[in-house]
Amino acid sequence: MKTVLVVFGTRPEAIKMAPVVRELRSRAEAFHTVVCVTGQHRQMLDQVLSAFSITPEYDLAIMAEQQTLAEMTSRVLIGVDDVLAKEKPDVVLVHGDTTTSFAAALAAFYRQIPVGHVEAGLRTSNMHSPWPEEFNRCAIDLHSDMYFAPTNQARDNLLAEGKPASAILVTGNTAIDALLQTTRAEYSNTNLRWAEDSRLILITAHRRENQGAPMHRMFRAIRRVLEEHPNVKAIYPIHLNPEVRRIAHQELDGLDRFRMIEPLDVVDFHNFMAASHLILTDSGGIQEEAPSLGKPVLVMRETTERPEGIAAGTCELVGTDEDVIYNQFTELLDSPQRYEAMANASNPFGDGHAAARIVDALMPGEQHKGAHGQFA
Ligand code: UD1
Ligand code: UDP
């Protein structure tokens, strides 16, 4: 029997760790599974816990209004260290690139407990974009024992950094596992009924490095395009970050055929994606989900660590310049050829069985020794 501590704290981590928790818990003869949420997000995390019926054993409840990176890091480090002292897990699983993941992995490193990194190996090679996520994922990978890489590209990034091939497993992305549980043909919702007579644009934005001038430019471009296109409607389930909300209200209030709504729970959001015409976002996870659904995405960021969506033709990196976003968004609405070229469903991120592969590798007696020989 192995004790596995799974730590996560934000909405996207929770969505992508939920299939792993489910798989671990279904193998109760092999694993004692302990879930620790940091509560880096509160309401947006709770929406996911409720959607996937996960009751955590520990909730560190660290969130504060407009929290700083240093505050979060120190609270997670101390909080997770207490849990490690009590549970003495055989392995700690963290996900991706958030402050929760970085600090939880560091706490495990300090206690010399092996770390498995789910969604390892994503890179932009620009330490400031996305910020601070590129640092977080590189720092976790410096000392992880097992790398669960979602794609071959992620594996190659790790190999190029000298990580041992024996410690890397290409699994697919657990986002696809989650997506297969949420989308439904018979889904219905009042906001979708409102948009039924038009092409629906779905918008999200939250990145720290975009807050300030880039986000003003993004929203101004969106406003101009929506004002010029009477045959589209847009829905923006807005992140709870007060700074994002301030900028969005300043730039988008009063716009016709536009609804700013509270964050959707994951089941609703995935079905809104499925019903949409196209998506504008600076999100990471949405770049993984949209190709499966065949929904074109304009990625309002300077860099992406998910080149697979671009290579598949579904995602396009448009940066944060107002005129570039305006031109690209306009063209995608006005050119059926351009739209069709992007709207092909393809799935570069896996087959929906990533969680099973991860948990198979963790099974007691498995031969994966990990980067430092202490994983099995
Ligand atoms: C965090 C992650 C980012 C990830 C994003 C997903 C870091 C540094 N950033 O960024 O990588 O892409 O989550 O959404 O780890 N808030 C609430 N309720 C919530 C969630 C947030 O009120 O449920 C507000 C709080 O005022 C909080 C602020 O939003 O202080 C920012 O949250 P934070 O987790 O620091 O940053 P995100 O932009 O959400
Ligand atoms: N999402 C959600 N509700 C929303 C907006 C997004 O459930 O209102 C989901 C989305 O499907 C994806 C994840 O949240 O799985 C992305 O989270 P976010 O954009 O906050 O973070 P990132 O992926 O950029 O780290």
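Located above this text is the structure these notes cover.
Visitor: Account for the side chain of threonine 98, naming residues and giving values.
Guide: If you trace the backbone, threonine 98 turns up in the loop between strand S4 (91–95) and helix H4 (99–110). Here the side chain of threonine 98 touches threonine 100 through a polar contact of 3.4 Å, landing on its backbone nitrogen. Among all residues touching threonine 98, those that are not within four sequence positions of it are Thr10, Glu13, Gln40 and Asn136.

Visitor: Requested: an account of the packing of helix H3 (residues 69–87) against H4, with residues and values cited.
Guide: At their nearest, the axes of H3 and H4 sit 8 Å apart, and the two run at 45° to each other. Between H3 and H4, the angle is such that the two are oblique. For the crossing formed where H3 meets H4, the hand is right-handed. Seen from H3, the contacting residues are Leu69, Met72, Thr73, Val76, Leu77, Val80, Asp81 and Leu84; seen from H4, they are Thr99, Thr100, Phe102, Ala103, Ala104, Leu106, Ala107, Ala108 and Tyr110. The class makeup of the residues in the contact of H3 with H4 is 13 nonpolar, three polar and one charged.

Visitor: Quick rundown of the packing of aromatic side chains? Include the residues and the values.
Guide: Throughout the structure, instances matching the rule amount to four aromatic pairs. Seen in terms of ring centroids, phenylalanine 109 and tyrosine 110 are 6.2 Å apart; in terms of plane orientation they differ by 45°. Their pairing is tilted. Aromatic side chains tyrosine 187 and phenylalanine 272 sit 6.4 Å apart centroid to centroid with 65° between the ring planes, which places their arrangement in the edge-to-face category. Taken together, the residues span a long stretch of sequence, with tyrosine 187 in the loop between helix H7 (174–182) and helix H8 (190–195) and phenylalanine 272 in helix H11 (residues 266–275) at a distance of 85 residues. Phenylalanine 272 shares its class with tyrosine 187; the two are buried.

Visitor: Would you mind going over the side chain of glutamate 288 in detail, with residue names and values included?
Guide: Topologically, glutamate 288 is positioned in helix H12 (residues 285–293). Among the polar contacts made by the side chain of glutamate 288, one reaches the side chain of lysine 16 at a distance of 2.8 Å. Of the polar contacts made by the side chain of glutamate 288, one reaches the side chain of asparagine 173; its length is 3.2 Å. For glutamate 288, the residues in contact, after removing those within four places along its chain, are Lys16, Glu119, Leu122, Asn173, Ala175, Ile176, Arg306 and Phe349.

Visitor: Residue-level account of the site of ligand 1, with values.
Guide: Taken together, 25 residues form the shell around ligand 1, and within it His41, Gln43, Ala64, Glu133 and Arg208 come nearest. Methionine 44 is positioned such that a nitrogen or oxygen atom in its backbone is 2.9 Å from an oxygen atom of ligand 1. In this structure, alanine 64 approaches ligand 1 through a main-chain N or O atom, which is 2.8 Å from an oxygen atom. In the complex, 96% of the free accessible area of ligand 1, which totals 750 Å², lies under the protein chains.

Visitor: So what's going on with the sheet that holds strand S5 (residues 115–118)? Which residues, and what values?
Guide: Judged by pairing direction, the sheet is parallel, and its seven strands sit side by side in the order S3-S2-S1-S4-S5-S6-S7 without closing on themselves. Each end of this open sheet is capped by a strand with a single partner; those strands are strand S3 (58–59) and strand S7 (168–170). Alignment of strand S2 (residues 31–37) against S3, held across two bridges, turns out to be parallel. Along S3, the bridge assignment pairs cysteine 36 with tyrosine 58. Sheet strands in contact with helix H1 (residues 11–26) are strand S1 (2–8), S2, S4 and S5, and its direction is about 165° off that of S1. In this fold H4 packs onto S1, S4 and S5, with an angle of close to 160° to the strand it touches most, S4.

Visitor: I'd like to hear about the site of ligand 2, residue by residue, with values.
Guide: By nearness alone, 17 residues border ligand 2, and Leu264, Ser283, Gly284, Gly285 and Glu289 come closest of all. At 3.0 Å from an oxygen atom of ligand 2 is found a side-chain nitrogen or oxygen belonging to histidine 206. Leucine 264 places a polar main-chain atom, nitrogen or oxygen, 2.8 Å from a nitrogen atom of ligand 2. Within the complex, 95% of the 540 Å² of free accessible area of ligand 2 lies under protein. Counting residues per element, the ones that place at least two in the shell around ligand 2 are H1, H11 and H12. Here the shell around ligand 2 is built from residues that sort into eight nonpolar, five polar and four charged.

Visitor: Residue-level account of the sheet that holds strand S9 (residues 232–237), with values.
Guide: Ordered in space as S10-S9-S8-S11-S12-S13, the six strands form an open sheet in which the pairing is parallel. The open sheet terminates on both sides in strands that have one partner only, identified here as strand S10 (258–261) and strand S13 (315–317). The average undirected angle you get between the axes of adjacent strands in this sheet is 20°. Across four bridges, the pairing between strand S8 (residues 199–203) and S9 is parallel.

Visitor: Go over helix H14 (residues 322–334) with me, naming the residues and quoting the values.
Guide: Taking 1.5 Å of rise per residue, the 13 residues of H14 would be expected to cover 18 Å, and the 18 Å separating its terminal C-alpha atoms lies within 8% of that figure. Of all the positions in H14, only Glu322, Ile325, Tyr326, Gln328, Phe329, Thr330, Leu332 and Leu333 are classed as buried. One side-chain oxygen at the N-terminal end of H14 lies 3.1 Å from the backbone nitrogen of aspartate 323; it belongs to aspartate 321.

Visitor: So what about the pattern of salt bridges? Which residues, and what values?
Guide: Throughout the structure, instances matching the rule amount to 31 salt bridges. The shortest N-O distance in the salt bridge between glutamate 251 and arginine 220 comes to 3.2 Å. Note that glutamate 251 is positioned in helix H10 (residues 242–252) and arginine 220 in helix H9 (residues 213–228), a separation of 31 residues in sequence. Residue arginine 220 is classed as partly exposed on the basis of its relative accessible area of 38%. For arginine 357, the salt bridge goes to aspartate 351, with nearest N and O atoms at 2.6 Å. The exposure class assigned to arginine 357 is partly exposed, which follows from its relative accessible area of 31%. Taking the relative accessible area as the measure of exposure, aspartate 351 reaches 40% and is therefore partly exposed. Connected through shared salt-bridge partners, Lys16, Asp97, Glu119, Glu134, Arg137, Glu288, Arg301, Glu305 and Arg306 make up one network.

Reading guide: rules and limits
- Residues numbered from 1 in each chain as written.
- Chains lettered and ligands numbered in written order.
- Predicted model: local features only at pLDDT ≥ 70, side-chain atom pairs only at ≥ 80, totals over all residues.
- Heavy atoms only, no water.
- Helix = DSSP H or I, 4+ residues; strand = E, 2+ residues; numbered from the N terminus.
- Polar contact = N/O pair within 3.5 Å; in protein donor to acceptor, adjacent residues only side chain to side chain.
- Contact = heavy atoms within 4.5 Å.
- Axes fitted to C-alpha atoms, helices over the stretch in contact; angles between N-to-C directions.
- Parallel < 35°, antiparallel > 145°, perpendicular 65-115°, else oblique.
- Left-handed = near helix turned anticlockwise from the far one by under 90°.
- Nonpolar A, V, L, I, M, F, W, Y, C, P; charged D, E, K, R; others polar.
- Phe/Tyr/Trp six-rings, centres within 6.5 Å; stacked < 30°, edge-to-face > 60°.
- Buried < 20%, exposed > 50% of the residue type's maximum accessible area, 1.4 Å probe, protein only.
- Near = heavy atom within 4 Å.
- Areas by Shrake-Rupley, 256 points an atom, 1.4 Å probe, with all protein chains shown as cover.
- Pairing = 2+ DSSP bridges.
- Expected span 1.5 Å × (residues − 1).
- Salt bridge = Lys/Arg side-chain N within 4 Å of Asp/Glu carboxyl O.

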